[in-house]
Amino acid sequence: MSPASNELTYEQEHVHEVYNVIASHFSETRYKPWPVVDRFLRERPDGAIGIDVGCGNGKYLGVNPNIYVIGSDRSDNLINIAHERGHEALVADGLAIPHPQGRFDFAISIAVIHHFSTDVRRQEAIKTVLAALKPDGQALIFVWALEQKNSRRGWDEGGEQDVMVPWVLQEKKEKKPKQPKSGRNNDEAAEEAPENPVEGKEKEPEKVYQRYYHLFKKGELEERVLEAGGKVMESGYERDNWYAIISR
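Worth saying up front: this structure is predicted, and the values here are computed from it rather than measured.

Let us look at the layout of surface pockets. Considering only enclosed or pocket space, the largest pocket measures out at about 1,100 Å³ in volume. As for the largest pocket, its lining consists of 45 residues, and the residues nearest its centre are Tyr19, Phe26, Arg30, Ala111 and Tyr213. Broken down by secondary-structure element, the contributors of at least two residues to the lining of the largest pocket are α1 (7–28), β1 (49–53), β2 (68–73), β6 (162–169) and β7 (207–214). Top contributing element to the lining of the largest pocket by residue count: α1, with five residues. Taken together, the residues that form the lining of the largest pocket break down as 21 nonpolar, 11 polar and 13 charged.

Spelled out as structure tokens, the structure:
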């Protein structure tokens, strides 16, 4: 099935369902804010209120304690992790966020819009972010770049833009039981020790899940922003991503 055949079903299978399955493992790899995002959030004035569309585990929701950020994500498992970390976040599709229009000082959408499978849906995602902003509000958007020749992926100009990116869900290793300390009751030690694994039993193979990405070529993000009725205040390249700071 190609993205154009049925984009909703395609995204459900190759984006939404995958992230719900890998949420815990994915979250363990997402903890350090990217410099441009960190700068954008810290430059917001004290008391500013904004949204993070596609917040994942909420890693950006607490970067600046002097502003208030409401997160949303399509994955309920990632939102549960954000809740466990004490963040305000809700489950919502990026094209149907349940917020009033024109009420927010800022917005961010980091590494999200590249998961929408058609140009029309990517443009609509940008429109949705813009619509939430006050007239003087700004939004920061990041998307994966096609031009990544120096990365381990090796993608570059002229290559395929719609790709499947594997996520290997690693099996958690069982911790070896600790040896009882001297002087402890043997019965107490026996109760804490797990049963020995069955000898000769093979480990389950690692599972690989395929995620859909649209790789943005140079200038494409700015084009989508203009088509969505927005203005580009700043744009650039960071960590194999194109980014743009935009306004209405």
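Once the structure has been displayed, the description carries forward.
Right, let's talk about the pairing of strand β5 (residues 133–144) for a bit. As judged from the six bridges shared by strand β4 (residues 104–110) and β5, these two strands associate in the parallel manner. Bridge pairing links Phe104 to Leu133 in β5. Handedness of the crossover joining β4 and β5 through helix α4 (residues 119–132): right-handed. Where β5 lies against strand β9 (residues 241–247), six bridges are found, and the strand directions are antiparallel. Paired with Ile141 across the strands is Ala244, a residue of β9.

On to helix α3 (residues 76–84), then. Taken together, the buried positions of α3 are Leu78, Ile79, Ile81 and Ala82. In a view along the axis of α3, the buried residues occupy a sector of 155°, so they form one face of it. Looking one or two residues beyond α3, the residue adopting positive phi is Gly86, at roughly 85°.

Right, let's get into empty space enclosed by the protein. Over the atoms rolls a probe the size of a water molecule, and in doing so it shows where empty space is left. Within the structure shown, the criterion is met by one cavity of 30 Å³ or more. Lining the largest cavity we find Val53, Gly94, Ser109, Val112, Ile113, Phe116, Ala125 and Val129. Counted by class, the lining of the largest cavity contains six nonpolar, two polar and no charged residues.

This part takes up unusual backbone geometry. Unlike most non-glycine residues, Arg239 shows phi in positive territory, near 50°. With respect to the helices and strands, Arg239 occurs in the loop between β8 (231–238) and β9. Non-glycine residue Asp240 carries a positive phi angle of around 65°. Within the element layout of this structure, Asp240 appears in the loop between β8 and β9. The class for Asp240 is partly exposed, based on a relative accessible area of 23%.

Before going further, it helps to spend a moment on the packing of aromatic side chains. Counted by the stated rule, this structure contains nine aromatic pairs. Ring plane angle 20° and centroid distance 3.9 Å describe the contact between Trp144 and Tyr213, whose orientation is recorded as stacked. Separated by 69 residues along the polypeptide, Trp144 in strand β5 and Tyr213 in strand β7 bring together distant segments of the chain. Comparing Trp144 with Tyr213 shows no difference in burial state: the two are buried. Here a set of aromatic residues connected by ring pairs shows up, and it is made of Tyr19, Phe26 and Trp167. Against the face of Phe40 rests Arg44, its NZ or CZ located 3.9 Å from the ring centre. Above the ring of Trp144, the side-chain terminus of Arg153 is found at 4.3 Å from the ring centroid.

Okay, the environment of Gly236 next. Following the sequence through the fold, Gly236 ends up in strand β8. Relative accessible area serves as the criterion here: at 16%, Gly236 is assigned to the buried category. Along the primary structure Gly236 and Phe142 are separated by 94 residues, whereas in three dimensions their C-alpha atoms are 9.6 Å apart. When near neighbours in sequence (up to four residues on either side) are disregarded, Gly236 contacts Asn241, Trp242 and Tyr243.

Once that is clear, we can look at the nonpolar core. General note: in soluble globular proteins, nonpolar side chains tend to be found buried as a group. With 25 residues, the main nonpolar core has Ile51, Ile113, Ile126, Ile141, Val143, Leu221 and Ile246 as its most contacted residues. Contributions of two or more residues to this core are made by β1, β4, α4, β5, α6 (220–227) and β9. The element that contributes the greatest number of residues to this core is α4, accounting for five residues. Within the second largest apolar cluster, 22 residues are counted, among which are Phe40, Leu41, Leu61 and Leu140.

With that settled, the discussion passes to the pattern of salt bridges. The final tally for this structure, using the stated rule, is 13 salt bridges. Taking the shortest distance from any N to any O, the salt bridge between Asp38 and Arg42 comes out at 3.0 Å. Taken together, the residues span about one helical turn, with Asp38 and Arg42 both in helix α2 (residues 35–42) at a distance of four residues. Between Arg224 and Glu220 there is a salt bridge; the shortest N-O distance is 3.5 Å. Of the two residues, Arg224 and Glu220 are both situated in helix α6; the distance of four residues between them amounts to about one turn of the helix. Judged by its relative accessible area of 9%, Arg224 is buried.

Calculation criteria
Residues numbered from 1 in each chain as written. Predicted model: local features only at pLDDT ≥ 70, side-chain atom pairs only at ≥ 80, totals over all residues. Heavy atoms only, no water. 1 Å grid on protein atoms, 1.4 Å probe; cavity = no way out; pocket = protein on both sides within 12 Å on 5 of 7 lines; lining within 4 Å. Points joined across faces, edges and corners; volume = space filled by probe spheres on them. Helix = DSSP H or I, 4+ residues; strand = E, 2+ residues; numbered from the N terminus. Nonpolar A, V, L, I, M, F, W, Y, C, P; charged D, E, K, R; others polar. Pairing = 2+ DSSP bridges. Right-handed = clockwise from strand over helix to strand, strands pointing away. Buried < 20%, exposed > 50% of the residue type's maximum accessible area, 1.4 Å probe, protein only. Arc of directions from axis to C-beta. Phe/Tyr/Trp six-rings, centres within 6.5 Å; stacked < 30°, edge-to-face > 60°. Lys NZ or Arg CZ within 6 Å of the ring centre and 35° of its normal. Contact = heavy atoms within 4.5 Å. Core = buried A, V, L, I, M, F, W, Y, C linked by side-chain atoms within 4.5 Å. Salt bridge = Lys/Arg side-chain N within 4 Å of Asp/Glu carboxyl O.

Spatial relationships are all this shows, so hold off on functional conclusions.
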